[in-house]
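# Notes for the structure review
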Amino acid sequence: MKLWATNEVRAKSKFWYFLRKLQKVKKAHGQLLAINEIFEKYPTTIKNYGIWVRYQSRTGYHNMYKEYRDLTLNGAVEQMYDEMASRHRVRFPCIQIIKTATIPVSLCKRVNTKQFHNSKIKFPLTTRKIRPPSRSLKTTYKASRPNTFV
Amino acid sequence: MVFRRFVEIGRVALINYGPQHGKLVVIVDVIDQNRALIDSPDMTRTQINFKRLSLTDITIPDLSRTPSKKVLKEAYASAEVDQKWASSAWGKKLAVRAKRASLNDFDRFKVMVARVKRSSIVRRELGKLRREKA
């Protein structure tokens, strides 16, 4: 079973949560044989991840399919959790990841991911915030107003 | 309002925040609206937020999406990125700043002596001009 958790303890707990839904076995009756962290095979190539999610909203359970562009599956899952929290106010315990997959470019559904499928991509950065190169050099007052043009 | 510097594959940018502050990198791909994949001959390919990048005027032309390290190194060298950066006004300014920050006390003394010498020559000429005028 592939699942996402912040540490091993939570991972094991989540494992038993999902297993109880699949088989009639509890942590007290079962034995966890192995727990392995899966590392990304190619963390320097960009992939399009599709994530199928089942989540609990205030009025019931819903399914969703979401697409993310990221270097790693963990990164995409993290994006998914952040987006679900911000867009739908759904927190971690109410989200179940049904399936994840790397989607080839031709099968991507969302316009938001497809807009980056352009080998000659080119766009300007329209506003720039000039900031000190480290937090220790931050000052409360500045002599002049900021200029956000490029 | 014309934009002159674009995020594109082959654009050279300066990292302006974070542990790699001050490094020149090449944008080799765009992940999404906020992040780019950057690479440089002496670092591993990573992602970075556009907020941490300052785009420069230098581009490496005809760079394909996510080139291999070998291809990138050759393209970087043939486009003479480091030379263009060192000869640009921005690059020179940063080099001067770095030099000033790395001076030791004796160097600062030498700078002071040189400045005094230069200003004395200037003021001598100024004095001559004033006496001619008067």
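Residues numbered from 1 in each chain as written. Chains lettered and ligands numbered in written order. Predicted model: local features only at pLDDT ≥ 70, side-chain atom pairs only at ≥ 80, totals over all residues. Heavy atoms only, no water.

As recorded in an unreviewed UniProt entry, chain A goes by the name 60S ribosomal protein L18a, listed as coming from Physcomitrium patens. Its UniProt record gives chain A a comment under Sequence similarities (unreviewed entry), which states: "Belongs to the eukaryotic ribosomal protein eL20 family." (UniProt positions renumbered as here; feature names shortened; annotations may be inferred.)

### Comments concerning the pairing of strand β1 (residues 47–57) of chain A
All names here are of chain A. With eleven bridges connecting them, β1 and strand β2 (residues 60–70) associate as antiparallel partners. From the neighbouring strand, Trp52 faces β2, where its bridge partner is Tyr65. Following β1, the chain reverses through two residues before pairing antiparallel with β2. Here seven bridges tie β1 to strand β3 (residues 95–102), and the two strands are oriented antiparallel to one another. Within the sheet, the bridge partner assigned to Arg54 lies in β3 and is Gln96. (Pairing = 2+ DSSP bridges. Helix = DSSP H or I, 4+ residues; strand = E, 2+ residues; numbered from the N terminus.)

### Brief notes about the sheet that holds β2(A)
All names here are of chain A. Taken in spatial order, the three strands of this open sheet run β2-β1-β3, and their pairing is antiparallel. Of all the strands in the sheet, just β2 and β3 have a single pairing partner and so form its edges. With strand direction ignored, the average angle separating the axes of adjacent strands in the sheet is 20°. Of the strands in this sheet, β1, β2 and β3 are in contact with helix α2 (residues 73–88), which crosses β2 at around 130°. (Axes fitted to C-alpha atoms, helices over the stretch in contact; angles between N-to-C directions. Contact = heavy atoms within 4.5 Å.)

### A look at a positive patch on the surface
A cluster of like positive charges, contributed by Lys129(A), Arg131(A), Arg135(A), Lys138(A), Lys51(B) and Arg52(B), occupies part of the molecular surface. Along the polypeptide, Arg131(A) turns up in the segment after β4 (122–124). (Patch = residues over 30% accessible without salt bridge, like charges linked within 9 Å, V, L, I, M, F, W, Y side chains within 5 Å. Areas by Shrake-Rupley, 256 points an atom, 1.4 Å probe, with all protein chains shown as cover. Salt bridge = Lys/Arg side-chain N within 4 Å of Asp/Glu carboxyl O. Lys, Arg positive; Asp, Glu negative; His and termini not counted. Charge placed at Lys NZ, Arg CZ, Asp CG, Glu CD.)

### Considerations on helix α1 (residues 8–22) of chain A
An α-helix turns once per 3.6 residues; consequently, residues spaced three or four apart project the same way. Residues and elements named next belong to chain A. The terminal C-alpha atoms of α1 lie 21 Å apart, and with 15 residues this matches the ideal 21 Å at 1.5 Å per residue to within 8%. The complete set of buried residues in α1 reads Ala11, Lys14, Phe15, Trp16, Phe18 and Leu19. Buried residues along α1 sit against β3. Between a side-chain oxygen at the N-terminus of α1 and the backbone nitrogen of Val9 the separation is 3.2 Å; the capping residue is Asn7. (Expected span 1.5 Å × (residues − 1). Buried < 20%, exposed > 50% of the residue type's maximum accessible area, 1.4 Å probe, protein only. Polar contact = N/O pair within 3.5 Å; in protein donor to acceptor, adjacent residues only side chain to side chain.)

### Points about the UniProt feature "domain: Large ribosomal subunit protein eL20" (unreviewed entry) in chain A
Mapped onto this numbering, the UniProt entry gives "domain: Large ribosomal subunit protein eL20" (unreviewed entry) at residues 50–100 of chain A. For residues 50–100 of chain A, the end-to-end C-alpha separation is 6 Å, with 31% helix and 49% strand making up the annotated structure.

### Quick notes on the interface of chain A and chain B
Interfaces are often sized by the amount of accessible area the parts lose when they come together. Contacts between the two partners involve 23 residues from chain A, matched on the other side by 27 residues from chain B. As a salt-bridge pair, Asp70(A) and Arg35(B) come within 3.4 Å of each other at their nearest N and O atoms. Joining chain A to chain B, the criterion identifies nine residue pairs in polar contact (both at pLDDT 80 or more). Of all the secondary-structure elements, those providing two or more residues to the side of chain A that touches chain B are β2 and β4 of chain A. For the side of chain A that touches chain B, the element with the most residues is β4(A), which contributes three residues. When the residues that make up the side of chain A that touches chain B are grouped by side-chain class, the tally is eleven nonpolar, six polar and six charged. The sheet contact formed by β4(A) and strand β1 (residues 6–8) of chain B spans three bridges and is antiparallel. Note on β1(B): the bridge partner recorded for Phe123(A) is Val7(B). (Nonpolar A, V, L, I, M, F, W, Y, C, P; charged D, E, K, R; others polar.)

### Comments concerning the sheet that holds strand β2 (residues 11–15) of chain B
Residue and element names in this part refer to chain B. Sheet architecture is open: five strands sit in the order β5-β4-β3-β2-β6, paired in antiparallel fashion. In this open sheet, the two edge strands, each paired with only one partner strand, are β5 (43–49) and β6 (53–59). The mean angle between the axes of side-by-side strands here comes to 40°, regardless of whether they run parallel or antiparallel. Relative to β5, strand β4 (residues 35–40) is paired through five bridges, and the arrangement is antiparallel. In the strand pairing of β5, Arg35 is matched with Asn49.

### Things to note about the domain arrangement of chain A
Residue and element names in this part refer to chain A. Parsing chain A into structural domains produces domain 1 (1–38) and domain 2 (39–137). Once you take the C-alpha centre of each, domain 1 and domain 2 turn out to be 25 Å apart. Summing the contributions of domain 1 and of domain 2, the shared interface buries around 870 Å²; its carbon and sulfur component is 58%. Inspection of the domain 1/domain 2 interface yields zero salt bridges. In this assembly, domain 1 and domain 2 are joined by two residue pairs in polar contact (both at pLDDT 80 or more). Considered class by class, the residues forming the side of domain 1 that touches domain 2 number four nonpolar, no polar and four charged. (Domains from an automatic or database assignment. Buried area = accessible area lost by both parts, 1.4 Å probe.)

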